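Here are the chains, one letter per residue:
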Amino acid sequence: MSSLAIIGGSGFSGFSALAACDVQHVETPYGDTSAPVTRGQLAGHEVLFLPRHGKGHHLPPHRINYRANLWALRASGADRVVALAAIGGITPRFAPTVLAVPDQIIDYTSGREHTLYDGTHGTVEHIDVTAPYCETLRLALLAACSRAGHAVIPQGTYGATQGPRLETAAEIIRYERDGCDLVGMTGMPEASLARELGLCYASFAFVVNWAAGKGDGIITMQEIDANLTCCVERIVDVLTALAAP
Ligand code: HPA
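Thresholds applied
Residues numbered from 1 in each chain as written. Predicted model: local features only at pLDDT ≥ 70, side-chain atom pairs only at ≥ 80, totals over all residues. Heavy atoms only, no water. Near = heavy atom within 4 Å. Polar contact = N/O pair within 3.5 Å; in protein donor to acceptor, adjacent residues only side chain to side chain. Areas by Shrake-Rupley, 256 points an atom, 1.4 Å probe, with all protein chains shown as cover. Helix = DSSP H or I, 4+ residues; strand = E, 2+ residues; numbered from the N terminus. Nonpolar A, V, L, I, M, F, W, Y, C, P; charged D, E, K, R; others polar. Buried < 20%, exposed > 50% of the residue type's maximum accessible area, 1.4 Å probe, protein only. Phe/Tyr/Trp six-rings, centres within 6.5 Å; stacked < 30°, edge-to-face > 60°.

Around the ligand, the neighbouring residues are A86, I87, G88, L166, E167, V183, G184, M185, V208 and N209. Contact distances for the ligand include 2.8 Å between a nitrogen atom and a side-chain N or O atom of E167. N209 places a polar side-chain atom, nitrogen or oxygen, 2.7 Å from a nitrogen atom of the ligand. When the ligand sits alone it has 260 Å² of accessible area, and the protein chains cover 92% of it. Broken down by secondary-structure element, the contributors of at least two residues to the shell around the ligand are β5 (78-89), β9 (182-184) and β10 (200-210). By residue number, the principal contributor to the shell around the ligand is β5, which donates three residues. Partitioning the shell around the ligand into residue classes produces six nonpolar, three polar and one charged.

What follows covers the environment of L166. Within the element layout of this structure, L166 appears in the loop between β8 (157-160) and α3 (169-178). We classify L166 as partly exposed; its relative accessible area is 35%.

Using the criterion set out here, one finds five aromatic pairs in the structure. An angle of 75° between the planes, with centres 6.1 Å apart, marks the rings of F12 and F206 as edge-to-face. Remark: F206 occurs in strand β10 and F12 occurs in the loop between β1 (3-8) and β2 (19-24); sequence separation between them is 194 residues. Note on F12: relative accessible area 3%, which makes it buried. Its relative accessible area of 0% is what places F206 among the buried residues. Ring plane angle 10° and centroid distance 6.2 Å describe the contact between Y133 and Y201, whose orientation is recorded as stacked.

Here it is in structure tokens:
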């Protein structure tokens, strides 16, 4: 059976809106997933859920087994994957608590297991990522925002950084010059692996802080947590609208 899957990020180690849950450990050729895959009901439809950082938020962005997570979701029947992403806002429209559905990515990560075509299976593949997100799912997310009555920025370029530290102000100036609107630590290689697996993948981002140097003073975890809390209800509304076609 094909299903919508949600990858939870910061603030979404669990997804309490899911009803009648069944939790499954999925064996993968790439090792352990961040957590078992939860299968439940949202708006009466089957939805899969996997918290990217693990159940207790113990995995930093560079230690996440992105290959295993996406492989396990596909093996569990997912064909559409919505990736929740807490991000920092760089350009003026991306103020804290804003929701966004990015349409482009620049990858600044390094040293992550970033492909299934790693040369160990005798084939060399070069997948197309001109549009790194699935446009059908992006549009469905935007329509769900509209049905739920929540404002959203319908595009933007996501700069994927290595973390787990936040950026310097100079790095953010460079990313802005490159064309980034928002910055996060998990957007890659998740998006390109999803493409390699033939999954329809989109990011649903929510701004939890001004990126380094764009706000007043330093970035604090208190500010991030407070903004994240402000976004949770709207995110659940939108995902519920998305699950109900
Ligand atoms: N930078 C990178 N990743 C993030 C940020 C940030 O400012 N906020 C939330 N995730």
